[in-house]
Amino acid sequence: MKTLTFEITINAPRARVWDTMLNLDTYEAWTAAFCEGSTYEGSWDKGARIRFGTPSGDGMLAVIAENEPHAFVSIKHIGMIDKGVEDTTSDKVKAMTPAYENYRFTDTPQGTLLTVTMDTIPDYEQYMLDTYPKALALLKDLCER
């Protein structure tokens, strides 16, 4: 697996960036860059299970590994969801999990530096390189309104 890093400076305080990133309605707005209708079910509390999905019922199953409000959140992906069915045991899933997606929020004179690190497999690397900057630009726009 390869770890990708993305950064964006957002002209807003960390609490606003955090809330905008994680609250369901605004989460769905910025993650539409990945798939229109992206959503989640569950909690961002440490240790909680969370399901990330699309209208077709496909997505990822995860556990919140860390949650330091307004500072850091770590998502540990543990499985896939195919048409609503969770898979944590297939060879395909075992080859790509656990995978971490981490968000760090740092104060800057301009507002907040959001740093994203994420594990990915070669099949998804180019997609993430192309799409993540678009998603972060949407998040920035939502935060700065």
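Parameters and conventions
Residues numbered from 1 in each chain as written. Predicted model: local features only at pLDDT ≥ 70, side-chain atom pairs only at ≥ 80, totals over all residues. Heavy atoms only, no water. Phe/Tyr/Trp six-rings, centres within 6.5 Å; stacked < 30°, edge-to-face > 60°. Buried < 20%, exposed > 50% of the residue type's maximum accessible area, 1.4 Å probe, protein only. 1 Å grid on protein atoms, 1.4 Å probe; cavity = no way out; pocket = protein on both sides within 12 Å on 5 of 7 lines; lining within 4 Å. Points joined across faces, edges and corners; volume = space filled by probe spheres on them. Helix = DSSP H or I, 4+ residues; strand = E, 2+ residues; numbered from the N terminus. Nonpolar A, V, L, I, M, F, W, Y, C, P; charged D, E, K, R; others polar. Expected span 1.5 Å × (residues − 1). Contact = heavy atoms within 4.5 Å. Salt bridge = Lys/Arg side-chain N within 4 Å of Asp/Glu carboxyl O. Axes fitted to C-alpha atoms, helices over the stretch in contact; angles between N-to-C directions. Parallel < 35°, antiparallel > 145°, perpendicular 65-115°, else oblique. Left-handed = near helix turned anticlockwise from the far one by under 90°.

With that out of the way, let us pick up the packing of aromatic side chains. Aromatic ring pairs are defined here through the distance separating the ring centres and the angle between the ring planes. For the structure on display, the rule yields 10 aromatic pairs. With centroids separated by 6.5 Å and ring planes inclined at 70°, the aromatic side chains of Trp30 and Phe34 adopt a geometry described as edge-to-face. Accessibility expressed as a relative area gives 2% for Trp30, which makes it buried. An aromatic cluster is defined as three or more aromatic residues linked by ring pairs; in this entry it consists of Phe6, Tyr27, Trp30, Phe34, Tyr40, Trp44, Phe52 and Tyr132.

Quick look at the layout of surface pockets now. The computed volume of the largest pocket comes to approximately 880 Å³. Phe52, Gly59, Met60, His77 and Met128 are, among the 38 residues lining the largest pocket, the residues nearest its centre. When contributions to the lining of the largest pocket are tallied by element, the ones reaching two or more residues are helix 2 (24–30), strand 3 (49–53), strand 4 (59–68), strand 5 (72–82), helix 3 (91–94), strand 7 (99–108), strand 8 (111–120) and helix 4 (122–144). Sorting elements by how many residues they give to the lining of the largest pocket places strand 5 first, with 5 residues. Looking at side-chain class alone, the lining of the largest pocket contains 23 nonpolar, 9 polar and 6 charged residues.

On to unusual backbone geometry, then. With an omega dihedral of -5°, the bond running from Thr97 to Pro98 counts as a cis peptide bond. Mapped onto the secondary structure, Pro98 falls in the loop between helix 3 and strand 7. The backbone phi angle of His70 is positive, close to 65°, even though this residue is not glycine. Inspection of the secondary structure puts His70 in the loop between strand 4 and strand 5.

Now for helix 4. Taking 1.5 Å of rise per residue, the 23 residues of helix 4 would be expected to cover 33 Å, and the 33 Å separating its terminal C-alpha atoms lies within 8% of that figure. For helix 4, the complete set of buried residues consists of Glu125, Met128, Thr131, Tyr132, Ala135, Leu136, Leu139, Leu142 and Cys143. Of the surrounding elements, those touching the buried residues of helix 4 are strand 1 (2–10), helix 1 (14–22), helix 2, strand 7 and strand 8.

Oppositely charged side chains can pair when the atoms bearing their charge come close. According to the stated counting rule, one finds 9 salt bridges in the structure shown. Through salt bridges that share partners, Glu41, Arg49, Arg51 and Glu86 make up one connected network.

The subject of this paragraph is the packing of helix 1 against helix 4. Running from amino to carboxyl end, helix 1 crosses helix 4 at an angle of 120°, the nearest separation of the two axes being 9 Å. Comparing the axis directions of helix 1 and helix 4 gives the class oblique. You can see that helix 1 and helix 4 cross each other, and the crossing is right-handed. Across from Arg16, Val17, Thr20 and Met21 in helix 1, the residues of helix 4 making contact are Leu139, Leu142 and Cys143. Of the residues belonging to the contact of helix 1 with helix 4, the class tally is 5 nonpolar, 1 polar and 1 charged.

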